Amino acid sequence: MSVSYRPESLDELLSLMSEKDLIPFAGGTDLMVQNAGVDGPDFSKDVVFLAHLKELKEIKREGNNLIIGSAATLSDIENHDDVPELLKKAVSEIAAPALRNRGTMGGNICNASPAGDSIPPLYVLDASFRLLSCKGERVLKAEGFFKGPGKTDRQKDEILKDVIVPLKEWNIRKYRKVGTRAANALTKCSITAAAKTKNGIIDDLSIAFGAVGPVIIRDKNIENKLIGLSVHDVKGKIDSIISDYSTVIVPIDDQRSTAVYRKKVCLNLLREFLKEHFSREM
Amino acid sequence: MNTISTPVRRLDAVEKTAGFTKYIADMDFGDFLYGKLFRSTRARARICTVKKPSLPDGYYIIDKNDVPGENAIHMINSDWPVFADEFVRFIGDSIALVVGPDKKIISKILSEIEVEYEDIPAVYTIDDSLALKGGVLHGKDNCYGDYTTVKGDPESAFSEAAQIYENTYETGLQEHIYMETQGVVGLWQDGKVNIHGSLQCPFYVRHSVTPVLGVEEDGVRIIQAPTGGAFGGKEHYPDILTTALAVAVNKLKKNIKIFYEREEDIVNTVKRHPSRIKIRTALDIDGNITAMDVDSIIDGGAYESCSCIVLQRVVFHATGVYDIPNVKCRGRAVVTNNVPSDAFRGFGAPQASFAIESHMNHLAEKTGVGSLDFKARYFQKKGSVTNTNGEIHEEVKLKEMVAKAKAMSDYDRKVKEYGKSSSKGIGFSLFNHGGAFTGNGEKEIINARIKVRKLKDNRVEIYVSNVEMGQGLLTTFSKIAAHTLEIPIENIIFMQQDTELVPDSGPTVASRSILIVGTLVGKASAKLKKQWVDGEEITVWQEYEAPKDVIPWNQETLQGDAYPAYSWGVNVVEVEFDKITCEIKIIGAWNVYDVGVPIDRLVVEGQIEGGLVQGLGWAYLEKMEIREGRIQQRTMADYVIPTSLDVPVMENDFVLNPYEESAFGAKGAGEIVHNGGAPAFLEAVQMSTGTQFNSIPLTPEKIMESLK
Amino acid sequence: MKQKINFTLNGKSVSVETDPLKRLIDLLRDDLSMISVKEGCGEGECGACSVLLNNEIVNSCLIPVGTIIGASIETVEGIRESESGKRIIDAFAVEGAVQCGYCTPGMMVGAEWILRKYDKPTPDEIRVALSGNLCRCTGYDMIINAVETAAKRGLK
């Protein structure tokens, strides 16, 4: 029988985390399903509730960054004016209202499902993940944080305190999730893309694909092939870019969809994005 | 002017919305134990040994050795055992029932029961079944049923054909996903087993439980609890639970509850029959149909349940609403080691309708004619001979229905404008559904009886065995009585379906409730009105009378009038195709129905809309795959049904066509509403993609594959 | 391991001694007789277990009671007593939005949630708001109509 803890403060939480091996429990919308037992939930370890801690729920600007507390609910994020559009859109399509009112981005992140929908925008926006323990804090980029399906670099005594999202000026944005149905759906694949163009030159470009690999697929090498190009030079490169992404998108067959479909749709979405924004004469 | 069709507030709407209605899981039965089934993990095997763990006090394992009567569930046949004897035939087959007070300990016991199996090569496909893989499973040829009907002379017509066109159509599994999962409670009361449950057919449960206990009809009592959706999934399936439950309650003399969790329900309960229907058509030199040969095979799964009756529907609806001069229809229901298939709204007609409508669309395309114009040449009429050499006795209003649907949906403009270049499509399906039990089944098998009882305070009670399961029966039966008696509907009391209280008016299935039993309620009410005396108690019984002007049915030869009357429907579905993701968005749906006279417009429209959405779900969202006998989509996260954002706004209308033999001219509506969504959807998708499809579920993955 | 959990239920203070990991749906149904809260799936997919938690719609099958300390929980048992609740019940009856009734209490919670947020919700807004409440009987149109009707009647 698992014990649950409800610390009164962030310090108390960190103390508990350093003393015991606990499951951090925010909204619980994944944990309660994964640990469903015969007569209520059946957790393998003890649990610590943290969604009530004010320090973890804040969403605030700090200079050119937006700091999103790990226990801010998906609804909080969906409705907050300062949250970047790409992240807002992705979050607004997760599950359904009742789940968004409880589920947190921290939970979505630490659950690290390859189909976690808040994660690709965080890759694209170059977000950083702040881990906190009694020993101090570590800030990791996405590539350093996500290790594989269900695996992150969070250590046993650490909690995810917040996510630091740079507030860049993108003038081109795209997010599309392809789910098993129109709402309340698990993701088959998704594209998140952002670009900044200035005077017809691609200043910055960031593209991520969700649910088509063990972690989110983002390849800066391929992006760099387009950064610095003039917008109408992209047209001639579209096929080779598609081909490049084709080698890094590695989906699987499962009960929701097929590898063939997921890959083709990702590449179609990418082509549509590139054609729409970059292949017109200026 | 208020007619019978004028909507009233459903009599149970307020209590249901306000949360007062108690379903089986909400009811307090005092002390009880939980029961959970121990199941086979093999699709096909011989049970060599079963090793039971030692049990703590108060826990029991009930199995075949505890059955006092027959270890066989009497449905149409009795091949499905209460507890597996020597063989198991599907993953999930019941082997034992573990009973006790704590769910966690029951779970532990379940995990400790050890079964030694000897695997036998299992049959997962229709072809493997017909090839008798692993040795014959059923009868001589693995067919639960093999029926053939012939009208005219198809053989000659085919030999003289200028062209022959053949295609095969396939439909997949469908799970009911009633919002309330299976639940039954057994009580030891008055020296016998009493069962309360979420059921469609209390008397079916009594019929299956009594031989298992070895008692007479009055040896058990079955009581209906308000039912949170059924769609055929609670027609026979509760027999599996109630027989095991009855054995346990009978042995232990304790109250026991069996409630299914959702995953257990999805993975172990009966499904819609998958189908493979090959249609071969002979055309003359002018492109007219001279003959059809329809060969249908359905996968009945591991036990027969009602596969033969479903098969009959598949065969009798094989050419849909079309009068084809020469027709041969053959149907087979085969056994496999997949989860058993059984009743699901439409009961074979959706499968047949999908095939014939798709085929007619393909023929139209092949002969260069618009699909509606092509189909209209063959519409059945009053007097048309059916495939079983019966007759359509009623006026057929298809032309009027088509005209209405076209106007509502702006069809003529859209069918010209839409197509591959616009990625939009519009599809049109026509279909019918024979009401009630086939042929003479209503008389020979059911012979329904009902009673109405006027109380001294002038309120009137209705006693029927048909249940309210969301289709509005409580309200519509009350309306029939109230309008006939010319008393306020508030004075009608719809009695609970308790086998000790109500007569057997037959099961709540086959679109028979209004058509057959509602008619009896109307007749009894009319009689009561004549005999009415204020302040006196009067009881009137009414027994089923077969309609007079029918061509007699021969169940051996399957000839004659298969059904006394048909309901008719037309669905129009509009879609948009997304080339990037191959997803389909359904942007409009229009429905026109002839259900005789709707007893309540709003009630029937509710059926129309719910039925269409369920039919569309089957067509493109509800994918259920079985691999090596194991269902792959096991939760509501993976077996997806439509949400509020997956469905279009729907528009409905009726064409009145009163049926003389029924109360107020009403015919059935409960199932026909599922017959048209899939073929209309398919035609629309074909138009929007410029590609032909022949199977459902038509997922984006399948569309993408076909477009390569 | 039992703990004292204090919260308000339909406006009244409640104090229970229970395992904080117990699901809210089980506490409501088994210990507090709130049978309007239905279990349809146990995995947060169907919305039949919907309740309001601090005015927001949530799935009670996914909430351990240890996380609702001090919160306000509302179920249909409470909502039905209010003017808004009565309007919703009436609208559902008039629009044909109730068939088997199993999803309906959850829909009522959803309706109340939307009407507290919007005076005049559009059909699209209603559909999005109810996208986590599944119905197998109605095809949704009549439920959407019912919420619209309840909203209109509440504007007087």
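Residues numbered from 1 in each chain as written. Chains lettered and ligands numbered in written order. Predicted model: local features only at pLDDT ≥ 70, side-chain atom pairs only at ≥ 80, totals over all residues.

**A closer look at the overall build of chain B**
At step 1: Secondary structure assignment for chain B yields 18 helices and 25 strands.
At step 2: Taken over the C-alpha trace, chain B has a radius of gyration of 25 Å; the compact-globule value for 708 residues is 27 Å, and the two agree within 12%.
At step 3: On the principal axes, the C-alpha backbone points of chain B span a range of 80 × 70 × 50 Å.
At step 4: By the burial criterion, 62% of the 708 residues in chain B qualify as buried.
At step 5: The long-range fraction of contacts in chain B, counting pairs at least 24 apart against all pairs at least 6 apart in sequence, stands at 80%. (Helix = DSSP H or I, 4+ residues; strand = E, 2+ residues; numbered from the N terminus. Rg over C-alpha atoms; globule rule 2.2 N^0.38 Å. Buried ≥ 20, exposed ≤ 12 C-beta atoms within 10 Å, placed from the backbone. Contact = placed C-beta atoms within 7 Å.)

**Some points on the domain arrangement of chain B**
Accessible area lost when the parts come together is the quantity often used to give the size of an interface.
All names here are of chain B.
At step 1: Domains assigned within chain B are domain 1 (26-120 + 176-268), domain 2 (275-438 + 562-707) and domain 3 (440-523 + 538-543).
At step 2: Using only C-alpha atoms to locate each centre, domain 1 and domain 2 end up separated by 36 Å.
At step 3: Contacts between domain 1 and domain 2 engage 25 residues on the former and 26 residues on the latter.
At step 4: Considering every element that reaches the side of domain 1 that touches domain 2, the biggest residue donor is helix H7 (residues 262-268), with 5 residues.
At step 5: In terms of residue class, the side of domain 1 that touches domain 2 is built from 11 nonpolar, 7 polar and 7 charged. (Domains from an automatic or database assignment. Nonpolar A, V, L, I, M, F, W, Y, C, P; charged D, E, K, R; others polar.)

**Points about the sheet that holds strand E4 (residues 87-88) of chain B**
Residues and elements named next belong to chain B.
At step 1: Spatial ordering of the open sheet is given by E4-E2-E6, a layout of 3 strands whose pairing is antiparallel. The outermost strands of the open sheet, each flanked by one partner alone, are E4 and strand E6 (114-119).
At step 2: Note: strand E2 (residues 45-51) against E6, 6 bridges, orientation antiparallel. Bridge pairing links Lys 51 to Glu 114 in E6. (Pairing = 2+ DSSP bridges.)

**Some points on the sheet that holds strand E11 (residues 220-225) of chain B**
The pairing of strands in a sheet happens through backbone hydrogen bonds and is either parallel or antiparallel.
All names here are of chain B.
At step 1: Across the sheet, which stays open at both edges, the 7 strands sit in the order E3-E5-E1-E12-E9-E10-E11 with mixed pairing between neighbours. Of all the strands in the sheet, just strand E3 (60-62) and E11 have a single pairing partner and so form its edges. Neighbouring strand axes in the sheet, compared pairwise and without regard to direction, differ in orientation by 25° on average.
At step 2: Note that strand E9 (residues 183-189) and strand E12 (residues 256-259) share 4 bridges and pair antiparallel. Looking across to E12, one finds that Gly 183 is bridged to Phe 259.
At step 3: Against the sheet, helix H5 (residues 202-213) contacts strand E10 (192-198) and E11, and its axis sits at roughly 150° relative to E11. (Axes fitted to C-alpha atoms, helices over the stretch in contact; angles between N-to-C directions.)

**Some points on the pairing of strand E1 (residues 33-39) of chain B**
All names here are of chain B.
At step 1: With 6 of 7 residues buried, E1 lies mostly within the body of the structure.
At step 2: As paired elements, E1 and E12 share 2 bridges and run parallel to each other. From the neighbouring strand, Leu 33 faces E12, where its bridge partner is Ile 256.
At step 3: Here 6 bridges tie E1 to strand E5 (residues 94-100), and the two strands are oriented antiparallel to one another. Opposite Phe 38, over in E5, you have Ala 96 as the bridge partner.

**Some details on the interface of chain C and chain A**
At step 1: On the chain A side, the residues contacting the 24 residues of chain C number 24 residues.
At step 2: Among the elements that line the side of chain C that touches chain A, the one with the most residues is strand E4 (residues 56-59) of chain C, at 4 residues.
At step 3: Across the side of chain C that touches chain A, the residue classes tally to 9 nonpolar, 9 polar and 6 charged.

**A short note on the interface of chain C and chain B**
At step 1: The partner chain B presents 45 residues to the 39 residues of chain C that form the contact.
At step 2: Counting residues per element, the side of chain C that touches chain B draws most heavily on helix H3 (residues 83-95) of chain C, at 4 residues.
At step 3: Looking at the side of chain C that touches chain B, its residues break down into 22 nonpolar, 10 polar and 7 charged.

**Regarding the environment of Cys 61 of chain C**
Residues and elements named next belong to chain C.
At step 1: Relative to the helices and strands, Cys 61 is located in the loop between E4 and strand E5 (72-74).
At step 2: When the 26 C-beta atoms within 10 Å are taken as the criterion, Cys 61 is described as buried.
At step 3: Here the alpha-carbon distance between Cys 61 and Asp 90, two residues 29 residues apart in the chain, equals 28 Å.
At step 4: Among residues more than four places away in sequence, those in contact with Cys 61 are Arg 23, Ile 25, Glu 39, Gly 42, Gly 44 and Cys 49.

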